[in-house]
Amino acid sequence: MSDSETRLTAVLGPTNTGKTHLAMERLIGHRSGMIGFPLRLLARENYDRLVKMKGPAQVALVTGEEKIIPPGARYFVCTVESMPVDRPVAFVAIDEIQLAADSERGHIFTDRLLHARGLEETMVMGSDSISRWIRALVPKTEFIQRPRFSTLTYAGPKKITRLPARSAVVAFSAAEVYAIADLIRRQRGGTAIVMGALSPRTRNAQVEMYQAGEVDYLVATDAIGMGLNMDVGHVCFAALRKFDGRVARPLTKAEISQIAGRAGRHMSDGTFGTTAEVGPMDPEIVDAVENHRVDPLTHLMWRRADLDFRSIDHLLRSLETRPPHPGLIRQQEAEDHQSLQQMARDPEIADLAHGRDRVALLWEVCQVPDFRKLMTDAHVRLLAQLYRFLINGRLPNDWVADQIARLDRIDGDIDQLTQRIAHVRTWSFIANRADWVADPGHWQARAQEIEDRLSEALHTALTQRFVDRRRAALHRRLTSGSEVVAAVNAADEVIVEGHVVGTLGGLRFAPVSDVDAEEAKPLFAAARRALGPALADRAAQLTEDHDGQFKLTETGDIQWRRSIVASLRPGDGPLHPRLELKVDDLLDGGFRRMIDQRLRTWIDATLQRRLRPLFTLMNAELSAHARGLAYQVAEALGALPRRQVAQQIAELGKEDRRRLRALGLRLGRETVWLPTLGGRASRHLLMRLQAIHAQSVGALPDLAGDLVALRQPVPDRLLAAGGYRAINGHALSFERLERLSERTHRLSTQGALKWDAALAASLEVPQELVRPLMSELGFVTEGKRAEESYKRRRQVREAPVPPPDPSSPFSVLARLRETSR
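From a predicted model like this one, the values you see are computed outputs, not experimental measurements. (Residues numbered from 1 in each chain as written. Predicted model: local features only at pLDDT ≥ 70, side-chain atom pairs only at ≥ 80, totals over all residues. Heavy atoms only, no water.)

## Observations regarding the overall build of the protein chain
On a plain count of helices and strands, the protein chain comes out with 30 helices and 32 strands. The buried share of the protein chain, taken over its 821 residues, is 51%. Taking the contacts inside the protein chain whose residues are at least 6 apart along the sequence as the reference set, 67% of them involve residues at least 24 apart. Entry remark: accessible area of the protein chain is about 37,700 Å², with carbon and sulfur atoms responsible for 50%. (Helix = DSSP H or I, 4+ residues; strand = E, 2+ residues; numbered from the N terminus. Buried < 20%, exposed > 50% of the residue type's maximum accessible area, 1.4 Å probe, protein only. Contact = heavy atoms within 4.5 Å. Areas by Shrake-Rupley, 256 points an atom, 1.4 Å probe, with all protein chains shown as cover.)

## A word on the packing of aromatic side chains
To describe a pair of aromatic rings, you give the distance between the ring centres and the angle between the ring planes. Counted under the stated rule, the structure contains six aromatic pairs. An aromatic cluster of at least three residues, connected via ring pairs, comprises Phe389, Trp399 and Trp427. Positioned over the ring face of phenylalanine 143 is arginine 135, at 4.2 Å from the centre of the ring. Residue placement shows arginine 425 over the ring face of phenylalanine 371; its charged tip is 3.9 Å from the ring centre. (Phe/Tyr/Trp six-rings, centres within 6.5 Å; stacked < 30°, edge-to-face > 60°. Lys NZ or Arg CZ within 6 Å of the ring centre and 35° of its normal.)

## Some remarks on the pattern of salt bridges
All told, the structure shown has 50 salt bridges when counted by the stated rule. Glutamate 451 is the salt-bridge partner of arginine 40, the closest N and O atoms lying 2.9 Å from each other. One end of the pair, arginine 40, is in helix 2 (residues 40-54); the other, glutamate 451, is in helix 16 (residues 440-467), and 411 residues separate them in sequence. Overall, the relative accessible area of 8% leaves arginine 40 in the buried class. Judged by its relative accessible area of 2%, glutamate 451 is buried. Two residues, glutamate 456 and arginine 201, come together in a salt bridge whose shortest N-O distance is 2.8 Å. You can see glutamate 456 sitting in helix 16 and its partner arginine 201 sitting in helix 6 (residues 200-211), a full 255 residues away along the chain. (Salt bridge = Lys/Arg side-chain N within 4 Å of Asp/Glu carboxyl O.)

## Overview of the packing of helix 15 (residues 414-431) against helix 16
Running from N to C, helix 15 and helix 16 cross one another at 160 degrees; their axes reach a closest spacing of 9 Å. With respect to their mutual orientation, helix 15 and helix 16 come out roughly antiparallel. Two packed elements cross with a definite hand, and for helix 15 against helix 16 that hand is left-handed. Of the residues belonging to the contact of helix 15 with helix 16, the class tally is 15 nonpolar, four polar and four charged. (Axes fitted to C-alpha atoms, helices over the stretch in contact; angles between N-to-C directions. Parallel < 35°, antiparallel > 145°, perpendicular 65-115°, else oblique. Left-handed = near helix turned anticlockwise from the far one by under 90°. Nonpolar A, V, L, I, M, F, W, Y, C, P; charged D, E, K, R; others polar.)

## Observations concerning helix 26 (residues 734-749)
For helix 26, with 16 residues, the first-to-last C-alpha span of 23 Å sits near the 22 Å given by 1.5 Å per residue. Inspection of helix 26 places Phe734, Arg736, Leu737, Glu738, Leu740, Ser741, Thr744, Leu747 and Ser748 among the buried residues, and these make up the whole buried set. (Expected span 1.5 Å × (residues − 1).)

## Section: unusual backbone geometry
The phi dihedral of arginine 166 is positive, around 65 degrees, even though this residue is not glycine. Tracing the backbone shows arginine 166 in the loop between strand 9 (152-158) and strand 10 (167-170). At leucine 637, a position not held by glycine, the phi torsion is positive, near 65 degrees. Take leucine 637: its relative accessible area is 0%, and that puts it in the buried class.

## With respect to the pairing of strand 20 (residues 493-496)
Two strands pair when backbone bridges link them, and strand 19 (residues 486-488) and strand 20 are joined in this way by three bridges, in the antiparallel orientation. Along strand 20, the bridge assignment pairs alanine 487 with isoleucine 495. (Pairing = 2+ DSSP bridges.)

## Observations concerning the sheet that holds strand 19
Ordered in space as 19-20-21-22, the four strands form an open sheet in which the pairing is antiparallel. Edge positions in the sheet fall to strand 19 and strand 22 (508-511), since each has one partner strand and no second. On average, each strand axis in the sheet is inclined to that of its neighbour by 25 degrees, with strand direction left out of account.

## Description of the packing of helix 9 (residues 312-319) against helix 12 (residues 356-366)
Packing of helix 9 against helix 12 brings their axes to within 10 Å, and their N-to-C directions diverge by 50 degrees. The angle between helix 9 and helix 12 places the two elements in the oblique class. Crossing hand, helix 9 versus helix 12: right-handed. Two secondary-structure elements touch here, helix 9 through Ile312, Leu315 and Leu319 and helix 12 through Val359, Leu362 and Trp363. In terms of residue class, the contact of helix 9 with helix 12 is made up of six nonpolar, no polar and no charged.

## Some points on the sheet that holds strand 30 (residues 707-709)
Sheets are built from strands paired through backbone hydrogen bonds, the pairs being either parallel or antiparallel. The strand order across the open sheet built from three strands is 30-32-31, with neighbouring strands paired in antiparallel fashion. Where the open sheet ends on each side, the last strands, each with one partner, are strand 30 and strand 31 (724-727). Here the strands of the sheet are splayed against their neighbours by 25 degrees on average, with no regard to which way each runs. Note: strand 31 against strand 32 (residues 730-733), four bridges, orientation antiparallel.

## Focus on the environment of valine 424
Mapped onto the fold, valine 424 is located in helix 15. For the pair formed by valine 424 and aspartate 408, sequence separation is 16 residues and the distance between their alpha carbons is 9.0 Å. Among residues more than four places away in sequence, those in contact with valine 424 are Leu407, Ala447, Ile450 and Glu451.

## Things to note about the confidence of the model for the protein chain
Counting all residues, the mean pLDDT for the protein chain is 84, and 89% of those residues have values of 70 or more. Predicted confidence for residues 469-473 stays below pLDDT 50, and this span has 13 contacts to residues more than four positions away or in other chains. Counted against residues more than four places away or in other chains, residues 783-821, with its pLDDT under 50, gives 47 contacts. (pLDDT = per-residue confidence, 0-100.)

## A look at the pairing of strand 12 (residues 217-220)
Looking down a regular strand, the side chains alternate between one sheet face and the other. Side chains Tyr217 and Val219 of strand 12 all project onto a buried face; the interleaved residues Leu218 and Ala220 project onto the opposite face, where all are buried too. Both strand 10 and strand 12 contribute to a ladder of four bridges, which runs parallel. Looking at the pairing, alanine 168 lines up with leucine 218 of strand 12. Considered for its hand, the β-α-β crossover made up of strand 11 (residues 192-194), helix 6 and strand 12 is right-handed. (Right-handed = clockwise from strand over helix to strand, strands pointing away.)

## Observations concerning the nonpolar core
Counting 68 residues, the largest nonpolar core has Ile558, Ile595, Leu599, Leu611, Leu614 and Leu660 as the members making the most contacts within it. Ignoring any residue separated from it by four or fewer positions in sequence, one finds leucine 660 in contact with Leu617, Leu622, Ala626, Leu629, Ala630, Leu652 and Leu665. In this structure, Val169, Met195, Ala353 and Ala384 belong to the second largest nonpolar core, which totals 65 residues. (Core = buried A, V, L, I, M, F, W, Y, C linked by side-chain atoms within 4.5 Å.)

## Points about the environment of isoleucine 134
You can see isoleucine 134 is positioned in helix 4 (residues 131-137). Counting along the chain gives 24 residues from isoleucine 134 to threonine 110, while the straight-line C-alpha distance between them is 9.8 Å. For isoleucine 134, the contacting residues outside a window of four places in its chain are Leu8, Ala10, Ile97, Leu113, Val124, Pro139, Thr141 and Phe143.

## Digging into helix 10 (residues 335-344)
Of the positions making up helix 10, those classed as buried are Asp336, His337, Ser339, Leu340 and Met343. Down the axis of helix 10, the smallest arc covering the buried residues is 160 degrees, so these residues share one side. (Arc of directions from axis to C-beta.)

Pasting the structure below:
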């Protein structure tokens, strides 16, 4: 396909305006052609339609998991990712081109928009939202506007149980779809299910059940918004927010329009609205949907196509190439890119991937999709094993047979069947790589056979669950207190009779908030019966786990296997914080004590390891005077102003000073501190401990450099824990303060000091800091008297100190320690 010889036609407009039908007519009007769809099920649907028109010998199907390519095929129906772009054809079309803005797959659609061309004609179809970018990127494009021939009207919010027949309810998670389908079955007898995770065979069976009138309702995810043309009279939104893989966000006008547009067919009017729980839709959005107005896309996603395979590093850098146009944004969340980044961190893979051919092969392996979307680590391990085999030739037949055979079972619930279908789709993709397996035809047929069997089982399971009276029986069991089936799955979801009622995060159960009040109590009671053993197992695992599974976060929380299980709270001192467990009430006192003891052991060891100089000083064998000073410094997290401990310093003998110096304690002119705690991580930890002890909330100040302007006041103890002293809105590091003290001392011995710009320049500090700095260093006046004042200050520091008062707390502490030894 050429980049530029033929013109580009953009057919844009609302949903249900026959854009795809027009493209298919143009396709068969040419001697050859290719059309790319955003979903495999749409590709399959249109392939079947085209086969009826042209015969199987003329039509090819090319998707990641399925390839049917007759030798003389003239028409290719593909997913957009799988389009054979190097094959010349007369006509090329791309459906749903507005997906060029998608955060995961957008770069593929953008690449097709920029480069995919037919020899005679090229067409893209989609929403008006992308029109400005087509004009900007392909200026000579011809635009065809497709108006909607029927009216779309807002009908307001309605209770799900009062929706009219031929309604589709749209939700945005499998759990929500199942919950709504259950409610409709209980009240209205049954519903069909349509989700993106369903295989084409299962989806078609569900749609046929709806179209045949066996059920009057359809519950779907936003997969209904693309290409599914059914007899739907009303579309009801069960939510106006969705989780897009990163955050939960409001639906855009374009998304609402795309989904709502499924109501009505050609000349038949349709309505849209929300559930009573969601409430009324924003009038501005209603007006936009009714009048088919969508906000223009703010950007398109882009990724470099001609990648550099000289090495893994070169490949990664080429994937990070800046886009050539200001309206394009570099794709950062593509699954293959993320897989490559993880594989590159594996030393064995990095060692094997040398040379262009092996790096190119690694990139091909990374493009094997993870349709399960739940077990990223397991998928990367699969990719690594594929790569190890492929660098030596083809995949071993025995290994492929074993991997696929594990999926050939139809037992389990809906979620398990869906997951197996997703996994077998990955193996279908692998089997369709003819250069990877010894007998691709055999393995393609084997994977398709398993997918078909699983699809039939899934359709049966969906029908049994959402079309018969089993839900009514479940409702009676829940309300009567009878035994129900409950479990915790691999994704930490707590499931009761197929319903996700909450999640088990770490050692805490978090219930969902959208359970009917009537059923909440028995549902959660059943969930807690399943949680008891699961929590006990996790508690035992925590107590036996190695230290590497625990982590102290920057906010003072303790994570175990990435879940928060405790938080540090004020205790007897900054170095002795109290633990507040984050565990479920179902854990009894015995387990709680085990967990507390394990976490206490870990946090004590962690603090002693990360703050070793501090604990070494605190526990050192010292004289009574030196031990008292060491104790005070340790309790102050390794730093005190010298003036606060001048008396204790004066009492030290030469041997005491030598021992303290050997322990890393520096008796500076201005500060007594442990420079060996100067690492940024150690100081950050000390500051967090001090903040926890003082019950300070919020982020810690950012202290970078030896002189930092503070944006807001910071407590002296918190700054000292970080290795700084506060002076007139600035944080001055101990080292810098000592150098300034030495400098001013030398200058004062040479004559009178003037607190002017010259002194500020000499000390390399802002002029407004000179006066407060000189005060902090003990200077009270300028000129001659300043020199004398400084000398008197030094004399006071060095003057012998009378014997300590026997009743002073430091003497008492020293005697107690000496007695205990």
